[in-house]
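Remarks on the overall topology
Chain by chain, the residues:
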Amino acid sequence: HDAHLEIQASAVADGEAVRDFMLATPLVDSVGAALTAVKVSGEVRSDFQLNIPFDRRQGEPRAWGWADLNNNRVNIRAPEMQLDSTSGRIVFDNDVVKAKGLIAKLLDQSIRVDFRGESRKKGYEVAIDTSGDWEVKPLAKFVGSEWTSPLAGHAPWTMGVDIQLHSVGFTYQVDLST
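Figured I'd write up the structure that's included with this text. Predicted, not measured: the structure shown is a model, and the values here were computed from it.

Some remarks on the environment of Asp 84
In this fold, Asp 84 is placed in strand S5 (residues 80–93). Assessed through its relative accessible area of 22%, Asp 84 is described here as partly exposed. In this structure, the C-alpha to C-alpha distance between Asp 84 and Gly 59, residues 25 residues apart in sequence, is 39 Å. Residues in contact with Asp 84, not counting those within four places in the same chain, are Asn 72, Arg 73, Ala 104 and Lys 105. Polar contacts involving the side chain of Asp 84 include one to the side chain of Arg 73, which spans 3.0 Å.

So, the nonpolar core
One finds Leu 83, Ile 90, Ile 111, Phe 115 and Ile 128 to be the most contacted residues of the largest nonpolar core, which totals 31 residues. Elements with a minimum of two residues in this core: helix H1 (15–23), strand S3 (43–53), strand S4 (62–77), S5, strand S6 (96–106), strand S7 (109–120), strand S8 (123–135) and strand S9 (154–165). In this structure Ile 128 touches Val 113, Asp 114, Phe 115, Met 159, Gly 160, Val 161 and Ile 163, once residues within four positions along its chain are discounted.

A closer look at the pattern of salt bridges
All told, the structure shown has 11 salt bridges when counted by the stated rule. Taking the shortest distance from any N to any O, the salt bridge between Asp 55 and Arg 57 comes out at 2.7 Å. Note that Arg 62 and Asp 93 form a salt bridge whose closest N and O atoms lie 2.9 Å from each other. Within this pair, whereas Arg 62 is found in strand S4, its partner Asp 93 is found in strand S5, the two being separated by 31 residues in sequence. By relative accessible area, which is 33% here, Arg 62 ends up partly exposed.

Here is what the cut-offs are and how they apply
Residues numbered from 1 in each chain as written. Predicted model: local features only at pLDDT ≥ 70, side-chain atom pairs only at ≥ 80, totals over all residues. Heavy atoms only, no water. Helix = DSSP H or I, 4+ residues; strand = E, 2+ residues; numbered from the N terminus. Buried < 20%, exposed > 50% of the residue type's maximum accessible area, 1.4 Å probe, protein only. Contact = heavy atoms within 4.5 Å. Polar contact = N/O pair within 3.5 Å; in protein donor to acceptor, adjacent residues only side chain to side chain. Core = buried A, V, L, I, M, F, W, Y, C linked by side-chain atoms within 4.5 Å. Salt bridge = Lys/Arg side-chain N within 4 Å of Asp/Glu carboxyl O.

Take a look at the structure:
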């Protein structure tokens with residue numbers, strides 16, 4: 001009457017293989033939208049557990065654990081951006097996925113990233129907090145020297161991004177402070 005399947009595993013695999021495995025678990029119904037919107041390239045280390053009851057009356061399936069990134073490239077589809085040299089730990093418990101203190105490079109400059117995502121009634125919501133202290137001159141190749149040539153020095157900044165992923169499309173809000 002209390003039959004269930006328990007799996008505890010440690011894995012080292014390419015980020016796409018880890019994502020594909022997660023999409024084949026009960027996580028597909030909760031964080032599937034987030035997992036399909038993020039592509040991690042390079043080796044990922046993960047430790048996770050699955051608890052799957054044979055009878056749904058005994059409870060819902062649960063998947064939890066962590067994944068460590070070490071100098072990985074992360075491509076985000078919505079809104080489109082590429083994070084290079086991404087390192088840190090991502091923790092998940094079913095639909096709740098979070099990270100604190102990820103470090104990465106965006107537009108060739110260092111940033112710090114914290115995020116928390118979880119399922120809501122209207123889709124999957126992700127709250128992202130980022131910060132950096134960027135030199136102005138290297139930004140010229142991304143925004144044009146006409147914008148950066150009158151400037152010098154660096155600019156500390158923080159940015160919050162709230163994303164709502166729907167089965168079709170997404171919306172987001174951005175709050176940037178310098």
